[in-house]
Amino acid sequence: MLRGFYTAASGMLTQQRRTEMLTNNMSNANTTGFKADQTSIRSFPEMLLSNIDSKTIPTENKLSMSKFSQVGSLSTGVYVQETNPLFTQGTLEETQLNTDLALADENLPINEGTGRQGAVLFTVQDGDGGLRYTRNGSFTLDGQGYLTTPKGYYVLDENNERIQLDSDQFTVTENGVILEGNVQKARLGIGFSDNPSAQLMKDGEGLYKVVNDDELPSAYAGAEVSFSTKQGFLEGSNVDQSRTMTEMMSSYRSFEASQKVLQAYDKSLDKAVNEVGKL
């Protein structure tokens, strides 16, 4: 009976973590460049139960001989295997600010293993000098004219160098070239990941880092990678609010069902201890 407690409890913990993930998605529905998380839920390996009086071990060779001594299989619950962001294109919203930039996906290769397309991201430098990547193009110029993120991290060019401009009166072409008048100042550093769910992990403030602290290859290097840079636009969150709300309700109901099962086990155990034990 105690095994039932653990199975029901694992279901409650799994749905609690899933609800927390969905709540985070909903709270970031209006966050620029936010990518919604999604979970993968799996069951623990099943146990094969056998009669305690059995004299044989139920292996494959003895399966037919010991079939009368076997009780059957028992599920040991579920768990959240992993949580990964979904790198689909968010809605582009016009702001008419020169320092606001967005990446528009056009033709990105499909990963054969996952069946999903890759992702292109802006390259930035964090406070420790490490490389980070983001889809949040809400940039600004600091006091020295460097193009930075809202957090103050430097936006890098294709050579991983900081971008310094004379003023905010600059133009960004669709292929990422930054012009001041007719003078080319830099080209935005855009990284490409062919399997972002496995290669990238969230690092807070809308930033991502490569799992092995490596760097992504340039998106300009691959002829099959096609995208465009939109000046005066920002990419909105890709959270589907109505679907997220529905999944939150479903997760809550699943949590409630596991809770009822746990209460039923508790009542059965109470009777076994306090009533049957008196006999």
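About the criteria used
Note that residues are indexed from 1 along each chain, following the sequence as it is written. Local features in this predicted model are restricted to residues of pLDDT 70 or higher, and side-chain atom pairs are both shown and tallied only at a pLDDT of 80 or more, whereas totals for entire chains, interfaces and linings draw on every residue. With hydrogens and water stripped out, all remaining heavy atoms of the structure feed into the side-chain values. As used here, the term nonpolar core means buried Ala, Val, Leu, Ile, Met, Phe, Trp, Tyr and Cys residues forming a set that is joined through side-chain atoms within 4.5 Å. For each residue, the accessible area found with a 1.4 Å probe, counting protein chains only, is set against the maximum for its type, and the residue is called buried under 20%, exposed over 50%, and partly exposed in between. Only DSSP runs of H or I reaching four residues or more are called helices, and only runs of E reaching two or more are called strands; each is numbered from the N terminus. The salt bridge definition used is simple: a Lys or Arg side-chain nitrogen within 4 Å of an Asp or Glu carboxyl oxygen. To pair, rings of Phe, Tyr and Trp, with the six-membered ring standing in for Trp, must have centres within 6.5 Å; the planes then decide the type, stacked if under 30 degrees apart, edge-to-face if over 60, and tilted in the middle. By definition here, charges over rings are those cases where NZ of Lys or CZ of Arg is within 6 Å of the ring centre and within 35 degrees of the ring normal. The positive count covers Lys and Arg only, the negative count covers Asp and Glu only, and His and the chain ends enter neither. In what follows, a contact means two residues having at least one pair of non-hydrogen atoms within 4.5 Å. Under the rule applied, a polar contact is a pair of N or O atoms within 3.5 Å (in protein, one hydrogen donor and one hydrogen acceptor; residues adjacent in sequence only if both atoms are side-chain atoms). Whether two strands pair depends on DSSP finding at least two bridges between them. Note: pLDDT gives the predictor's confidence per residue, expressed from 0 to 100.

Caption draft 1: View of the nonpolar core. Counting 24 residues, the largest nonpolar core has Val120, Ile163, Leu188, Ile190 and Phe227 as the members making the most contacts within it. Within the residue set of this core, elements represented by two or more residues are strand 6 (101–107), strand 7 (119–125) and strand 15 (190–193). When residues of this core are assigned to their parent elements, the largest contribution, three residues, is made by strand 7. In this structure, Tyr133, Leu156, Tyr208 and Leu216 belong to the second largest nonpolar core, which totals twelve residues.

Caption draft 2: Representation of the pattern of salt bridges within the structure. Evaluation of the coordinates by the stated rule reveals twelve salt bridges. The salt bridge partner of Glu205 is Lys151, with a shortest N-O separation of 3.9 Å. Pair noted here: Glu205 is in the loop between strand 16 (200–202) and strand 17 (207–210) and Lys151 is in the loop between strand 10 (147–148) and strand 11 (154–155), with a separation of 54 residues, a long-range link. Overall, the relative accessible area of 49% leaves Lys151 in the partly exposed class.

Caption draft 3: How the structure looks around the packing of aromatic side chains. Enumeration over the complete set of coordinates arrives at four aromatic pairs. A ring pair is formed by Phe87 and Tyr208, whose centres lie 5.2 Å apart and whose planes are at 50°; its orientation type is tilted. Of the two residues, Phe87 sits in the loop between strand 4 (78–85) and strand 5 (92–94) while Tyr208 sits in strand 17, which places them 121 residues apart along the sequence. Of the two residues examined, Phe87 and Tyr208, each falls in the buried class. Arranged with centres 5.2 Å apart and planes meeting at 80°, the rings of Phe122 and Phe139 form a pair that is edge-to-face. With Phe122 in strand 7 and Phe139 in the loop between strand 8 (131–134) and strand 9 (140–141), this residue pair connects regions lying 17 residues apart in the sequence. An identical accessibility class is assigned to Phe122 and Phe139; each is buried. The ring of Tyr154 is capped by Arg162, whose NZ or CZ atom sits 3.8 Å from the centre of that ring.

Caption draft 4: Local environment of the side chain of Arg18. Here Arg18 lies in helix 1 (residues 2–27). For the buried Arg18, no salt bridge is present, and the opposite-charge side chain at shortest range is Glu247, 4.1 Å distant. Here Arg18 is in contact with Thr39, Ile41, Glu247 and Ser251, once residues within four sequence places are set aside.

Caption draft 5: Seen up close, the side chain of Ser10. Along the chain, Ser10 turns up in helix 1. Judged by relative accessible area, which is 10%, Ser10 ranks as buried. There is a polar contact of 2.7 Å between the side chain of Ser10 and the backbone oxygen of Thr7. Among residues more than four places away in sequence, those in contact with Ser10 are Thr76, Gly77 and Val78.

Caption draft 6: Broad picture of the sheet that holds strand 13 (residues 177–180). The strand order across the open sheet formed by three strands is 12-13-14, and the pairing between neighbours is antiparallel. Either end of the sheet is taken by a strand with one partner, and the two such strands are strand 12 (171–172) and strand 14 (183–187). Bridging between strand 13 and strand 14 involves four bridges; their strand directions are antiparallel. Bridging from a neighbouring strand, Glu180 pairs with Val183 of strand 14.

Caption draft 7: Examining the environment of Lys202 more closely. Tracing the backbone shows Lys202 in strand 16. A relative accessible area of 29% places Lys202 in the partly exposed class. A C-alpha to C-alpha distance of 9.5 Å links Lys202 and Tyr133, two positions 69 residues apart in sequence. Setting aside anything within four residues of it in sequence, one finds Lys202 in contact with Phe34, Lys35, Asp37, Pro85, Leu207 and Tyr208. In this structure the side chain of Lys202 is engaged in a polar contact, spanning 2.9 Å, whose partner is the backbone oxygen of Lys35. Of note is the side chain of Lys202, whose polar atom sits 3.3 Å from the side chain of Asp37.

Caption draft 8: A look at the environment of Val172. Its location among the elements puts Val172 in strand 12. By relative accessible area, Val172 is classed as buried at 7%. Note: C-alpha distance between Val172 and Lys230 (58 residues apart in sequence) is 7.7 Å. In contact with Val172, not counting residues within four places along its chain, are Leu101, Val177, Ile178, Leu188, Thr229 and Gln231.

Caption draft 9: Up close: the confidence of the model for the chain. Of the residues in the chain, 87% have a pLDDT of 70 or more, and the chain-wide mean is 86. Within the model, pLDDT remains below 50 along residues 63–68, and this stretch shows three contacts once partners closer than five positions in the same chain are excluded.

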